[in-house]
Amino acid sequence: MLRKVSGTSLLARWDPRYKIAALLALAFSFSAVSRIQTIPYMLGLLVVFWLLSGVPLAILGRRLRYPSLFIALVILMLLFAGRGDVLLTVGFLTITDSGLNRALLVAARFYSILILAMLFFAGTPLLTTIRALQALGMPYIITDMALLMARYVEVLHQDLRNLHRCMHLRGFRLRGWSLTSLQGVALMVANLLLRSFEQSQRVYLAMRLRGYGQADGLTPPLTATPAEGLFFVIVVGIALGLGWLG
Amino acid sequence: MHVPDGILPVSVTLSGYVVSAGIAWLCLHRIKQRHDPREDIPRAALLTAAFFLASLIHIPAPPASVHLVLNGLLGVLLGLFAFPAILIGLCFQAIMFGHGGLTTLGINGVILGGPALLAAFVFSLGRRHHINGRKTAIAGFLAGSSAVALSALLFALVIVTNLATHLRADTEQSALLALLLAHLPLVLLEGAVTALVVTFIGRTRPHLLKG
Amino acid sequence: MTTTTPYVLQLSALSFSYPDTGRVLNDISMTIHAGERVGLIGPNGAGKTTLFLVAAGFFAPTAGTVELLGKPVVKGGFRPELGLVFQRTDDQLFCATVAEDVAFGPRNMGLSHEEVERRTLAALAAVGAEKLGERSTHQLSEGEKRIVSIAGVLAMRPEMIIFDEPSAGLDIRCRRRLIPLLQEAAPTVLVASHDLELILEVCTRVVLIDEGRIVADGCPRKVMGDEALMAAHGQEKPHSLVPHQLPHRH
């Protein structure tokens, strides 16, 4: 969905290895925010990265429309069942000071990290991210699997759609708790797995024939300018600073 | 069953990364000892892609709808590859849908991947002698349901122990209970689907179940 | 087809059976010389694909030997001199982008980055797909997938290329475009196809196999023009070899 964002913004052009490392540093520093007073700094950083990313607000909004149901529950629970002094009572619900505090912190941290990740991955194709992980020393078993997965997930998705259509045309409907529904799901999963297995056998032959495993995955080297390195150092410094503020 | 970002303290999420990396390293180490470690990569990758898609299937289960986790089945079919496969799947979810959490990638890997390895073990006990219909189905049910049950338990423990200091004691206990109860139908569903799928595969491609 | 030209691929008394089935290949002997374009025809399940997989060293033959350019083919070895274009393009194109897929083979041959890039561009140019380089493989049309999968094999500069059902799933225009590619792809070519008109147009020699045995080997017009032989092995005489009963109008 975010691939539509142009790859020309500063953040999109940043060397993906630095980008991944910086994202992790920032995400962890965001998750370490434990005082209400630090939240504005975090939000300020978010705005800076948003400006650097060039991601239109509309796209961000579209993706935030489906926040995790679970996080909403956690926030509500913290809000209404927290310890501490009672601030407000609405009917049988009470809001405490520390409850409000925690709920705000959790919400701020959750949304900030979510948005930050979106901004960082916008304009970076999945493939580039995997290549960067490879360059960062991720074992070949993992990166080869990820590359193949990225390639075949669409192919298999089409298979699954066709499978579903064939079953639908022959009268199958997914409906609640029933044995036929369950059997249908199992049939769909089993067929999808078998197809992916069969295809993997053929893919393996094709890969081997073109020398898979002969040379140890020589891929074109990534190059970064000193400016990109400097930016990385600055961002990590900011992350450490935020962590220190707590 | 993903722990989202922003709930857990950094010490817990970082430990999650360390434990996940450790388990992944062990799995990869064992895989690399095989005659040709690359031989199984395409199979593991495409099955992972299939699992990734299967976990997106929307099953209407009134009053809500559920997604399958299928980590037990994944363990049964992928063996040692199951753990790295789950880490990759979690990365894809985080990157593609912003779902699942970035700082909690490690802990989510442990919650879902650990039980997947356990399921592989449970299933291998069940079909030690030979593959026949009923035994395969029972082993499949146990593998599928135990994996999800264990994942739900780990998930609930991680959540509740980390929120406990901020919640009133009565809420804490009922939250734990509610979380576990909410997962009970999923445990049965996963067991049943896993049993049906392994029976189907046992009939059509038995060698896939031989680990 | 003179016997003095060196052979590229030599199969001697080759037999093969899968563990759970009977014999798939039965005492196959065949020599392919440099410069030949050989068509392989036969009904479904005749053993064509298995023959390729044994020739490429995926399976060790249960009896007999395979030699490629004077050296025996061993199971599991890497022989870039032999290219194989599989029937299903989605199996052949396993990288995410076209350029990466074409570069996959040369990269594994241990070539320098510059050489890999040179070969990639040359191979894409050879099939007329220069513009597809940065495209994602799963977004290509079936015709584009076919020519890109051929480019991926060309980039390894093989002495011989085996094509398994190259025209399957292609429309008339793509099929037209494929024919000169098959004729010029490599010095030596082996094409398996049910598209007998294609074989007739591309090949200088044809081999008919059925139930794992070679039943005919010779000039395409002669073998495929033998109606009784073709019918006995589930084939039809190509339409263009049938004398016209009715004169063309216009």
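In case you missed it, the structure is sitting above this.
Remember, it's a predicted structure, so these values are computed and weren't measured experimentally. (Residues numbered from 1 in each chain as written. Chains lettered and ligands numbered in written order. Predicted model: local features only at pLDDT ≥ 70, side-chain atom pairs only at ≥ 80, totals over all residues. Heavy atoms only, no water.)

### As for the arrangement of the chains
Then, in step 1: Contacts between protein chains span two pairs of chains, and they are most numerous for chains A and B.
Then, in step 2: What separates chain B from chain C at the closest point of their C-alpha atoms is a distance of 10 Å, and the two make no contact. (Contact = heavy atoms within 4.5 Å.)

### Digging into the interface of chain A and chain B
Then, in step 1: Taken together, the contacts link 71 residues of chain A with 75 residues of chain B.
Then, in step 2: Where chain A abuts chain B, roughly 6700 Å² becomes buried across the two surfaces, and 80% of that area is made up of carbon and sulfur atoms.
Then, in step 3: If you sort the residues of chain A by the area they bury against chain B, Phe28, Met145 and Met149 of chain A come out on top, with a joint share of 11%.
Then, in step 4: The tally of links from chain A across to chain B stands at one salt bridge.
Then, in step 5: Between Glu198 of chain A and Arg205 of chain B there is a salt bridge; the shortest N-O distance is 2.8 Å.
Then, in step 6: Those elements that place two or more of their residues in the side of chain A that touches chain B are helix H2 (16-31), helix H5 (69-81), helix H6 (97-121), helix H7 (126-135), helix H8 (140-169) and helix H9 (179-209) of chain A.
Then, in step 7: In terms of residues, the side of chain A that touches chain B owes the most to one element, H9 of chain A, which gives 21 residues.
Then, in step 8: Grouping the constituent residues of the side of chain A that touches chain B by class yields 49 nonpolar, 13 polar and nine charged. (Buried area = accessible area lost by both parts, 1.4 Å probe. Salt bridge = Lys/Arg side-chain N within 4 Å of Asp/Glu carboxyl O. Helix = DSSP H or I, 4+ residues; strand = E, 2+ residues; numbered from the N terminus. Nonpolar A, V, L, I, M, F, W, Y, C, P; charged D, E, K, R; others polar.)

### Observations regarding the sheet that holds strand S5 (residues 71-72) of chain C
All names here are of chain C.
Then, in step 1: Reading across from one edge, S2-S1-S4-S5 is the order of the four strands in this open sheet, with antiparallel pairing throughout. For this open sheet the edge positions go to strand S2 (23-33) and S5, each flanked by a neighbour on one side alone.
Then, in step 2: Of the strand pairs in this sheet, strand S4 (residues 63-68) and S5 are connected by two bridges, and their pairing is antiparallel. When the bridges of S5 are listed, Leu68 appears paired with Lys71.
Then, in step 3: Packed on one face of the sheet, helix H1 (residues 48-55) meets strand S1 (7-17), S2 and S4 and runs near 115° to S1. (Pairing = 2+ DSSP bridges. Axes fitted to C-alpha atoms, helices over the stretch in contact; angles between N-to-C directions.)

### Structural notes on unusual backbone geometry
All names here are of chain C.
Then, in step 1: For Ala13, which is not glycine, the phi dihedral falls at a positive 45°.
Then, in step 2: Within the secondary structure, Ala13 is located in strand S1.
Then, in step 3: At Glu211, a residue that is not glycine, the phi angle is positive and equals roughly 50°.
Then, in step 4: Within the fold, Glu211 resides in the loop between strand S9 (205-210) and strand S10 (213-218).
Then, in step 5: Given a relative accessible area of 65%, Glu211 falls into the exposed group. (Buried < 20%, exposed > 50% of the residue type's maximum accessible area, 1.4 Å probe, protein only.)

### Concerning H5 of chain A
Then, in step 1: Spanning 13 residues, H5 of chain A covers 18 Å between terminal C-alpha atoms, matching the ideal 18 Å at 1.5 Å per step.
Then, in step 2: Next to the buried residues of H5 of chain A lie strand S2 (93-96) and H6 of chain A together with helix H6 (133-163) and helix H7 (169-204) of chain B. (Expected span 1.5 Å × (residues − 1).)

### Regarding the sheet that holds strand S8 (residues 188-192) of chain C
Residues and elements named next belong to chain C.
Then, in step 1: Ordered in space as S6-S7-S8-S3-S9-S10, the six strands form an open sheet in which the pairing is mixed. Here the strands that pair on one side only, and so sit at the sheet edges, are strand S6 (82-85) and S10. With strand direction ignored, the average angle separating the axes of adjacent strands in the sheet is 15°.
Then, in step 2: Bridge analysis of S9 against S10 gives five bridges, and the strand direction is antiparallel. Each residue of the ladder has a partner; that of Leu208, found in S10, is Ala216.
Then, in step 3: Helix H5 (residues 142-154) contacts S6 and strand S7 (160-164) of the sheet and is inclined by roughly 165° relative to S6.

### Let's talk about the packing of helix H3 (residues 39-53) of chain A against helix H10 (residues 226-245) of chain A
All names here are of chain A.
Then, in step 1: One way to put it is that H3 packs onto H10 with a least axis distance of 11 Å and a crossing angle of 160°. The orientation of H3 relative to H10 falls into the category roughly antiparallel. The handedness of the crossing between H3 and H10 comes out as left-handed. Contacts from Tyr41, Met42, Leu45, Phe49 and Leu52 in H3 reach Phe231, Val235, Ile238, Leu242 and Leu245 in H10.
Then, in step 2: Split by residue class, the contact of H3 with H10 holds ten nonpolar, no polar and no charged. (Parallel < 35°, antiparallel > 145°, perpendicular 65-115°, else oblique. Left-handed = near helix turned anticlockwise from the far one by under 90°.)

### Focus: the pattern of salt bridges
Then, in step 1: If you walk through the whole model with that rule in mind, you get 18 salt bridges over all chains.
Then, in step 2: For Asp91 of chain C, the salt bridge identified is with Arg202 of chain A, shortest N-O distance 2.4 Å. Of the two residues, Asp91 of chain C sits in helix H2 (residues 89-92) while Arg202 of chain A sits in helix H9, which places them in two different chains.
Then, in step 3: Residue class for Arg202 of chain A comes out partly exposed when judged on its relative accessible area of 25%.

### Topic: the interface of chain A and chain C
Then, in step 1: Contact residues are listed per partner, giving 25 residues for chain A and 31 residues for chain C.
Then, in step 2: Overall, the association of chain A and chain C removes approximately 2600 Å² of surface from exposure, summing both partners, and the carbon and sulfur fraction of that is 59%.
Then, in step 3: Considering only the side of chain A, the residues that lose the most area to chain C are Arg151, Leu209 and Arg210 of chain A, jointly responsible for 34% of the buried surface there.
Then, in step 4: Here chain A is connected to chain C by four salt bridges.
Then, in step 5: Scanning the region where chain A abuts chain C turns up twelve residue pairs in polar contact (both at pLDDT 80 or more).
Then, in step 6: Elements represented by at least two residues in the side of chain A that touches chain C include exactly H7, H8 and H9 of chain A.
Then, in step 7: Looking at which element gives the most residues to the side of chain A that touches chain C, the answer is H9 of chain A, with eight residues. (Polar contact = N/O pair within 3.5 Å; in protein donor to acceptor, adjacent residues only side chain to side chain.)

### Details of the packing of aromatic side chains
Then, in step 1: For the structure shown, the criterion picks out twelve aromatic pairs over all chains.
Then, in step 2: Geometrically, the ring pair formed by Phe28 of chain A and Tyr17 of chain B is edge-to-face, given 5.5 Å between the ring centres and 65° between the ring planes. Taken together, the residues span two chains, with Phe28 of chain A in helix H2 and Tyr17 of chain B in helix H1 (residues 10-32).
Then, in step 3: Since its relative accessible area comes to 13%, Phe28 of chain A is described here as buried.
Then, in step 4: Given the relative accessible area of 24%, Tyr17 of chain B is considered partly exposed.
Then, in step 5: Each ring, one from Phe52 of chain B and one from Phe92 of chain B, has its centre 6.1 Å from the other, and the planes form 75°; the classification is edge-to-face. Of this pair, Phe52 of chain B sits in helix H2 (residues 41-54) while Phe92 of chain B sits in helix H4 (residues 82-97); the two residues are 40 residues apart in sequence, bridging distant segments of the chain. An identical accessibility class is assigned to Phe52 of chain B and Phe92 of chain B; each is buried.
Then, in step 6: A network of ring pairs unites the aromatic residues Trp14, Phe49, Phe120 and Phe231 of chain A as a single cluster. (Phe/Tyr/Trp six-rings, centres within 6.5 Å; stacked < 30°, edge-to-face > 60°.)

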